[in-house]
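Each chain, letter by letter, is given below.
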Amino acid sequence: MKIFLIVAGVLIGLFLLFTYGGGYYMYRFATVRNKKQKNYWYDDIAPAKFLSDEDNQKVMESWKYLRAQNWQNVSITSYDGHKLAGHYLEHPNPRGLVLQIHGYRGCGAFDFSCAVEPFYNAGFSLLIVDQRASGDSEGNHITFGFKERYDVVDWAKYVEKRFPGLPVVMDGVSMGASTVMLAAGIGYPKNVKAIIADCGYTSPGDICRKVLKQWFGLPPFPLYYGANFWVKLLAKFDLDGVSCKEALRNLKGTGIKILIAHGRKDDFVPYHMSEENMKAFDDDEIGDTAVFFTSEEAGHGMAFLIDREGYMKELDAMFERAGI
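What comes next is a walk through the structure. In this text the structure is predicted, and so the values were computed from the model without any measurement.

Reading the values: the criteria
Residues numbered from 1 in each chain as written. Predicted model: local features only at pLDDT ≥ 70, side-chain atom pairs only at ≥ 80, totals over all residues. Heavy atoms only, no water. Phe/Tyr/Trp six-rings, centres within 6.5 Å; stacked < 30°, edge-to-face > 60°. Helix = DSSP H or I, 4+ residues; strand = E, 2+ residues; numbered from the N terminus. Buried < 20%, exposed > 50% of the residue type's maximum accessible area, 1.4 Å probe, protein only. Lys NZ or Arg CZ within 6 Å of the ring centre and 35° of its normal. Pairing = 2+ DSSP bridges. Axes fitted to C-alpha atoms, helices over the stretch in contact; angles between N-to-C directions. Contact = heavy atoms within 4.5 Å. 1 Å grid on protein atoms, 1.4 Å probe; cavity = no way out; pocket = protein on both sides within 12 Å on 5 of 7 lines; lining within 4 Å. Points joined across faces, edges and corners; volume = space filled by probe spheres on them. Nonpolar A, V, L, I, M, F, W, Y, C, P; charged D, E, K, R; others polar. Core = buried A, V, L, I, M, F, W, Y, C linked by side-chain atoms within 4.5 Å. Expected span 1.5 Å × (residues − 1).

1. Describing the packing of aromatic side chains
Line of reasoning, step 1. Summed over all chains, the structure comprises 23 aromatic pairs.
Line of reasoning, step 2. With 5.2 Å between their ring centres and 55 degrees between their planes, Phe293 and Tyr311 make a pair best called tilted. Within this pair, whereas Phe293 is found in strand S8 (residues 290-295), its partner Tyr311 is found in helix H12 (residues 308-322), the two being separated by 18 residues in sequence. Each member of the pair Phe293 and Tyr311 is classed as buried.
Line of reasoning, step 3. One residue, Arg149, lies across the ring of Phe146, its end atom 4.8 Å from the ring centre.

The structure is reproduced here in structure tokens:
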């Protein structure tokens, strides 16, 4: 009996060590700021391994165009006291402003490099923001949209105050897409007329469980729950605390239009997650609140690069419906 209790105690100890020790590692891996991360507003970009030579050339040319523009550094203070940085490019006669939010551990100068010139030529001013714990913005934790949703609403309010009456398009890619969708659950100011959500996930918990399995070959139990324990304790949010589909239901009756885009060859955020987010509009009586744009050949975040013509066609139609 004594030996049994010793063995049982050792096994329980190992289980707890794996759950909470491994969970602490996953918490740091997933949420803690990487202070050595490249900032492509200042650092030179290198060819991306996941892009073809042709696509890398497009990105490089677009990035050079972005860097050559007269960007103005702007900032706001988040609800919890962090300085949040952005880069503003003014159009001389704007029809609206596109507020762009980059992805997980990303940089707007890379994630939106190919979109700057087309949007500017279409008559839009641009504001590319650094998400908290990224780029020039302060913060120690990435929260997968949980806290960032408040930040992007505050950025929209900043634009409303600085440019009264100017229509705003919220444009997010990957985690940025989920952020702009989750922000709908808080409520946007009246200047926001449209949303672009490109390859966003359904919830922080869903994408973390998926990555845990894909990258580490591990099931959610028990490591995910150990990680979420540390996330709640140290980063002060809950990976399972928000849902994009539930947040998007809040768009009903606001008049805001949304384009949800996704590439079928996305191997990071599964295509079916955007399909799930679209279900928020199953009871849309008007039927024009949300449109789903599919790029058959695009990987993660590559739909605009791969099928710019089709993408812009859908955007122009959405802008017309939104009155922009």
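Moving on, there is more to tell.
2. Considerations on the sheet that holds strand S4 (residues 124-129)
Adjacent strands of a sheet form backbone hydrogen bonds with each other and so pair up, either parallel or antiparallel.
Line of reasoning, step 1. In spatial order, the strands read S1-S2-S4-S3-S5-S6-S7-S8; together these eight strands make up an open sheet with mixed pairing. Edge positions in the open sheet fall to strand S1 (72-77) and S8, since each of these has one partner strand only. In this sheet, adjacent strand axes meet at a mean angle of 20 degrees when their direction is disregarded.
Line of reasoning, step 2. Across the sheet, helix H6 (residues 175-183) lies against strand S3 (96-101), strand S5 (168-173), strand S6 (192-198) and strand S7 (257-263), angled at about 135 degrees from S5, the strand it touches most.

3. Quick word on the layout of surface pockets
Line of reasoning, step 1. Considering only enclosed or pocket space, the largest pocket measures out at about 1,200 Å³ in volume.
Line of reasoning, step 2. Along its surface, the largest pocket is lined by 45 residues, and Phe50, Phe110, Asp111, His300 and Met302 are the ones closest to its centre.
Line of reasoning, step 3. Looking at the lining of the largest pocket, the elements with two or more residues in it are helix H2 (53-68), helix H3 (108-111), helix H4 (113-121), S5, S6, helix H7 (204-216) and helix H11 (303-306).
Line of reasoning, step 4. The residue makeup of the lining of the largest pocket, split by class, is 25 nonpolar, eleven polar and nine charged.
Line of reasoning, step 5. Considered class by class, the residues forming the lining of the second largest pocket number six nonpolar, three polar and six charged.

4. Things to note about empty space enclosed by the protein
Line of reasoning, step 1. In this structure the tally under the stated criterion is two cavities of 30 Å³ or more.
Line of reasoning, step 2. Taken as a whole, the largest cavity spans an internal volume of roughly 260 Å³.
Line of reasoning, step 3. Considering the residues around the largest cavity, the lining is formed by 21 residues, among which Ala30, Phe144, Ile207, Cys208 and Val211 are closest to the centre.
Line of reasoning, step 4. At the level of secondary structure, the elements contributing two or more residues to the lining of the largest cavity comprise helix H1 (2-31), H7 and helix H8 (223-235).
Line of reasoning, step 5. Grouping the constituent residues of the lining of the largest cavity by class yields 19 nonpolar, two polar and no charged.
Line of reasoning, step 6. Looking at the second largest cavity, its volume works out to about 40 Å³.
Line of reasoning, step 7. In this structure, the second largest cavity is lined by Leu84, Val129, Asp130, Gln131, Arg132, Asp151, Val152 and Trp155.

5. Remarks on the nonpolar core
Line of reasoning, step 1. In this structure, Leu99, Leu127, Trp155, Met170, Tyr188, Ile258 and Phe281 are the most contacted members of the largest nonpolar core, which totals 65 residues.
Line of reasoning, step 2. When neighbours within four sequence positions are excluded, Tyr188 is seen to be in contact with Val152, Val153, Ala156, Met170, Val180, Ala183, Ile195 and Ile256.
Line of reasoning, step 3. With 42 residues, the next largest nonpolar core counts Trp41, Ala109, Cys114 and Tyr120 among its residues.

6. Brief notes about H8
An α-helix turns once every 3.6 residues. As a result, residues three or four positions apart point the same way.
Line of reasoning, step 1. For H8, with 13 residues, the first-to-last C-alpha span of 17 Å sits near the 18 Å given by 1.5 Å per residue.
Line of reasoning, step 2. Buried within H8 are the following residues: Leu223, Tyr224, Gly226, Ala227, Asn228, Val231 and Ala235.
Line of reasoning, step 3. At the exit of H8 stands Lys236, carrying a positive phi of roughly 65 degrees.

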